[in-house]
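If you want the building blocks of each chain, they are given just below.
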Amino acid sequence: MNPTPPLGTHAAIPKPALDQVLGALRDAGYTLVGPKVADGAIVYGEITGIADLPVGWTAEQEAGRYRLRPGVPGRLFGFAVGPHAPKRYLYPSTATLFRTRRTAEGFEVLPGEEAAPRYALVGVRACDLAAIAIQDRVFLDGPAPDPHYRARREAAFLLAVNCLEPGGTCFCASTRTGPRCTTGFDLALTELDEVLLVEVGSEAGAAMLAAADWRPASAFELTRARRALAEAEGRMGRTMDVRDLPDLLYERLDHPRWEAVAARCLSCANCTMVCPTCFCADVVDTSDLTGGEAARVRVWDSCFNHEFSYVFGGHLRPNIRARYRQWLTHKLATWIDQYGVLGCVGCGRCITWCPAAIDLTEELAAIRGGEPT
Amino acid sequence: MARPRLAVYKFSSCDGCQLSLLDCEDELLALAGAVEIAYFLEASRQALPGPYDVVLVEGSVTTEEEVERLKEVRRQAKLLVAIGACATAGGIQALRNWADADAFRRAVYPTPGYIRTLDRVRPLGDVVLVDAELRGCPISKRQLLDFLAAVLIGRTPRMPAHSVCTECKRRGAVCVMVASGVPCLGPVTQAGCGAICPAYARGCYGCFGPMERPNTGALGDRFVALGQSRDEVARAFRGINAYALPFAAAGDRFARSDIEEG
């Protein structure tokens, strides 16, 4: 048995030893979820070990375009984020909040989910850690924390990865949410050519790392990791100037650019679905044909959906211009008023996965240009 | 309380949507227990007269006789529900609304004089008031069952008017347009199918018809940017829901060669 590394340790393990850590997580009762190749993309799914990772794969990403490509052979994490975010597992797209069953006396209320699944999320990037921290504020702060989110969140193990291969639509350097994982992880990996450096971020992380043959990372290795991260920071595919937010947008609510982007925007909601911080939901009731059982279900919804802003008397945001402006202004301005941080973590998913190839960094730059209107 | 009386009627169509009802194998007994199936010729010879509480109507209206029959069905129906693309938008046969029906008649039938049709294929809503629409070619049996369960218990049925993309992303499917460059009508098509086609790596062909306020022009422009000809874009919109207004307008716009590239 290896010694348990203290918190904050920077350790090094041979790459194959990652399987020992993953095995320890599985033995501890976690379901392993990590990046894997499926349907022409790197998505999140259940994995069993290193062999299931997208080893040697990467992806080209541009606005409205994603293509899987062979990358550096043997590289475990040589790619940027794909369409899935940890949100899928901590805040699932469809969740049964509770069920009811008719009884002789009336009806009884049953829980929607018996026990929260325990996910070990493998390969979480700095942008997604920042997104999780944001959703923590949304769902856990305040007088009415969400019990469904809390159960999954508290049960989760976060095995993060420092991003050394930013994608074509990445801009976490601009939003200061990456590429290095600084907080909020149990373990954080940095992949060098021969070894994985592992930073210990929690007691749970230390216990799992103890399953592997770790040694302290050398000063040489730490310098190489630092350099690789600094270099990655300079290779972001996008930049976004976040100065003067939120006021910049409040002063430009009638900028002609809103009309121009609305002409291209499909209002299809893809951007909000892939966004790791977007949290809007609809709550719907279901019942069976006999009327004996019913359930209340929460599903991801979007401010781009026409019926989303329907209230008695009409729609608050009847056209695409109003809906795009609502989304961008919430992400980059009112979010700051609401939660004290930007609602954007620079992951670039909304750019890549927009079927109309709309790029929010380009839209913000255009709105920033010209006089306030 | 008496069980609600259900009837199923058919006009010009392929029967596929009413078959979706018979396809509800696991729920069929529960359904038969919850409602009185009073008129459903595809399932039973027993044909009880109206009035009916819920009438599911499949098919488009293509003859004068169908116009009159549909009006009579409406008189017998407390709740008239159009099921399927033919009933809600005219269906694939509405493609003849862009052509000369007389020419087809002469080309197809040895004695065209016996064939009498309307000059245009019409959705039910063109002829009578329709209380609800279940879209699709065919309809989703899941949505049909939810609709009937909702009517039985008196809650609002779940019929989202938003895009297929919302369902596609909820189920975690990879976008075929972004990851493979496949043209997909999902961003302008109404949800309800569960995003079946994109989940099997093919583009949505819009069988649920236009979502609420679709930006069809922008999607067509994007198809062109992906390498489709304007004619191919026009044909994408002129499919099963060609005659639904937003798709018809987009089809016409992209079919017109005189406005090529602005």
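Below, the structure is looked at part by part.

What counts as what
- The residue numbering used here restarts from 1 in each chain and proceeds along that chain's sequence as written.
- In the order they appear in the text, chains get letters beginning with A and ligands get numbers beginning with 1.
- It should be noted that, the model being predicted, local features are given only for residues of pLDDT at least 70 and side-chain atom pairs only at 80 or more, the latter also being counted only at that level, while totals for whole chains, interfaces and linings use all residues.
- Side-chain metrics rest on all non-hydrogen atoms present in the structure, leaving aside hydrogens and water.
- Put simply, two rings from Phe, Tyr or Trp (the six-membered ring, in Trp's case) pair if the centres are within 6.5 Å, and we call them stacked under 30 degrees between planes, edge-to-face over 60, tilted for the rest.
- Each helix is a run of H or I in the DSSP string that is no shorter than four residues. Each strand is a run of E no shorter than two, and both are numbered from the N terminus.
- The cut-offs for exposure are 20% and 50% of the maximum accessible area for each residue type, with area from a 1.4 Å probe on protein chains only; residues under the lower value are buried, those over the upper are exposed, and the others partly exposed.
- Should the NZ of a Lys or the CZ of an Arg lie within 6 Å of a ring centre and within 35 degrees of the ring normal, that charge is described as sitting over the ring.
- Angular values range over 0 to 180 degrees, each being the angle between N-to-C directions of two axes fitted as lines to C-alpha atoms, with helices fitted over their stretch in contact.
- In these notes the angle categories are as follows: under 35 degrees is roughly parallel, over 145 is roughly antiparallel, 65 to 115 is roughly perpendicular, and the rest is oblique.
- Working rule for contacts: check all heavy atoms of both residues, and any pair within 4.5 Å makes them a contact.
- We call Asp, Glu, Lys and Arg charged. Ala, Val, Leu, Ile, Met, Phe, Trp, Tyr, Cys and Pro are nonpolar, and the rest, Gly among them, are polar.
- Here a cavity is any set of points on a 1 Å grid over the protein atoms alone where a 1.4 Å probe fits but cannot get out, and a pocket is any open set with protein on both sides within 12 Å along at least 5 of 7 lines; a residue lines the site when it has an atom within 4 Å of a point.
- Grid points are joined across faces, edges and corners, and a volume is the space filled by probe spheres set on the points.
- Any two strands between which DSSP finds at least two bridges are classified as paired.
- Put simply, buried area is how much 1.4 Å-probe accessible surface two parts lose in total, over both of them, once they are put together.
- For this analysis, a salt bridge means a side-chain nitrogen from Lys or Arg found within 4 Å of a carboxyl oxygen belonging to Asp or Glu.
- Between N or O atoms, a polar contact is any pair within 3.5 Å; within protein, one atom must be a potential hydrogen donor and the other a potential acceptor, and residues adjacent in sequence are included only when both atoms are from side chains.
- Looking down the strands as they point away from the viewer, one classifies a crossover as right-handed if the path from the first strand across the helix to the second runs clockwise.
- Annotation comment: domain bounds sourced from an automatic or database domain assignment.

## A closer look at the packing of aromatic side chains
Residues and elements named next belong to chain A.
Link 1 in the chain: Under the counting rule described, the total for this entry stands at 20 aromatic pairs over all chains.
Link 2 in the chain: Look at Phe 304 and Trp 327: their rings are 5.8 Å apart centre to centre, the planes differ by 55°, and that puts the pair in the tilted class. In this pair, Phe 304 sits in the loop between strand S14 (293-300) and strand S15 (310-311) while Trp 327 sits in helix H11 (residues 320-339), placing the two residues 23 residues apart along the sequence. Neither Phe 304 nor Trp 327 differs from the other in exposure class; each is buried.
Link 3 in the chain: With a centroid separation of 5.8 Å and an interplanar angle of 65°, the aromatic rings of Tyr 324 and Trp 327 are classed as edge-to-face. Placement of the pair is Tyr 324 and Trp 327 together in helix H11, with a separation of 3 residues, close to one helical turn.
Link 4 in the chain: Note on Tyr 324: relative accessible area 3%, which makes it buried.
Link 5 in the chain: Taking relative accessible area as the criterion, Trp 327 reaches 4% and is therefore assigned buried.
Link 6 in the chain: Connected via pairs of aromatic rings, a cluster forms that spans Tyr 91, Phe 139, Tyr 149, Phe 279, Trp 335 and Tyr 339.
Link 7 in the chain: The residue whose ring lies beneath Lys 87 is Trp 300, and the NZ or CZ to ring-centre distance is 4.6 Å.

## Considerations on the packing of helix H9 (residues 256-264) of chain A against H11(A)
Residues and elements named next belong to chain A.
Link 1 in the chain: Between H9 and H11, the least distance of the axes is 8 Å, while the angle of their chain directions is 110°. Between H9 and H11, the interaxial angle falls into the category roughly perpendicular. Where H9 abuts H11, its residues Trp 258, Glu 259, Val 261 and Ala 262 lie against Ile 320, Arg 321, Tyr 324, Arg 325, Leu 328 and Thr 329.
Link 2 in the chain: Split by residue class, the contact of H9 with H11 holds 6 nonpolar, 1 polar and 3 charged.

## Description of empty space enclosed by the protein
All names here are of chain A.
Link 1 in the chain: One pass over the full model with this rule turns up 11 cavities of 30 Å³ or more.
Link 2 in the chain: A volume near 130 Å³ is recorded for the largest cavity.
Link 3 in the chain: Forming the boundary of the largest cavity are 16 residues, of which Cys 265, Cys 271, Tyr 324, Cys 354 and Ile 358 lie nearest the centre.
Link 4 in the chain: For the lining of the largest cavity, the class distribution of residues is 14 nonpolar, 2 polar and no charged.

## Digging into the sheet that holds strand S6 (residues 94-102) of chain A
Residues and elements named next belong to chain A.
Link 1 in the chain: Taking strand neighbours across the sheet as the criterion, the 4 strands line up as S7-S6-S14-S13 in an open arrangement whose pairing is antiparallel. For this open sheet the edge positions go to strand S7 (107-111) and strand S13 (281-287), each flanked by a neighbour on one side alone. Across this sheet, the average inter-strand angle for adjacent strands is 20°, counted without regard to direction.
Link 2 in the chain: Bridge count between S6 and S14: 7 bridges; the pairing is antiparallel. Each residue of the ladder has a partner; that of Thr 96, found in S14, is Val 297.

## A short note on the interface of chain B and chain A
Link 1 in the chain: Contacts between the two partners involve 36 residues from chain B, matched on the other side by 45 residues from chain A.
Link 2 in the chain: When the buried surface of chain B facing chain A is broken down by residue, B:Lys169, B:Arg170 and B:Val178 rank first, second and third, together holding 23% of it.
Link 3 in the chain: Here chain B is connected to chain A by 0 salt bridges.
Link 4 in the chain: At the boundary of chain B with chain A, the tally comes to 18 residue pairs in polar contact (both at pLDDT 80 or more).
Link 5 in the chain: Broken down by element, the side of chain B that touches chain A gets its largest block of residues, 5 residues, from helix H6 (residues 141-153) of chain B.
Link 6 in the chain: A per-class count over the side of chain B that touches chain A returns 20 nonpolar, 7 polar and 9 charged.

## Details of the pairing of strand S4 (residues 77-83) of chain B
Residues and elements named next belong to chain B.
Link 1 in the chain: Burial runs high along S4: 5 of the 7 residues are buried.
Link 2 in the chain: As judged from the 6 bridges shared by strand S3 (residues 52-58) and S4, these two strands associate in the parallel manner. Its bridge partner being in S4, Leu 56 is matched across the sheet by Val 81.
Link 3 in the chain: Following the chain from S3 across helix H3 (residues 64-76) to the adjacent parallel S4, one finds a crossover that is right-handed.
Link 4 in the chain: Bridge count between S4 and strand S5 (residues 132-134): 3 bridges; the pairing is parallel. When the bridges of S5 are listed, Ala 82 appears paired with Glu 133.

## Focus: the layout of surface pockets
Link 1 in the chain: A volume near 910 Å³ is recorded for the largest pocket.
Link 2 in the chain: Forming the boundary of the largest pocket are 33 residues, of which A:Val284, B:Asp146, B:Arg158, B:Met159 and B:Pro160 lie nearest the centre.
Link 3 in the chain: Looking at the lining of the largest pocket, the element that brings in the most residues is S13(A), giving 6 residues.
Link 4 in the chain: Counted by class, the lining of the largest pocket contains 12 nonpolar, 9 polar and 12 charged residues.
Link 5 in the chain: Of the voids in this model, the second largest pocket is the one considered here, and its volume is about 330 Å³.
Link 6 in the chain: What lines the second largest pocket is a set of 19 residues, among which B:Pro138, B:Ile139, B:Cys193, B:Ile196 and B:Phe208 lie closest to the centre.
Link 7 in the chain: Classifying every residue of the lining of the second largest pocket gives 12 nonpolar, 4 polar and 3 charged.
Link 8 in the chain: The residue makeup of the lining of the second largest pocket includes at least three contributed by each of domain 1 (5-153) and domain 2 (164-256) of chain B.

## Quick notes on the side chain of A:Ser309
Link 1 in the chain: Assignment of secondary structure puts A:Ser309 in the loop between S14 and S15.
Link 2 in the chain: Dropping the residues within four chain positions of it, A:Ser309 is found in contact with A:Gly314, A:His315, A:Leu316 and A:Arg317.

## A word on the sheet that holds strand S8 (residues 119-124) of chain A
All names here are of chain A.
Link 1 in the chain: If you trace the 8 strands from one edge of the open sheet to the other, you get S3-S2-S8-S9-S10-S11-S1-S12, paired in mixed fashion. The sheet is open, and its two edges are formed by strand S3 (41-46) and strand S12 (215-216), each paired on a single side.
Link 2 in the chain: The sheet contact formed by strand S1 (residues 10-14) and S12 spans 2 bridges and is antiparallel. When the sheet's bridge partners are listed, Ala 12 is paired in S12 with Arg 215.
Link 3 in the chain: Packed on one face of the sheet, helix H7 (residues 219-233) meets S1, strand S10 (187-191), strand S11 (195-200) and S12 and runs near 90° to S11.

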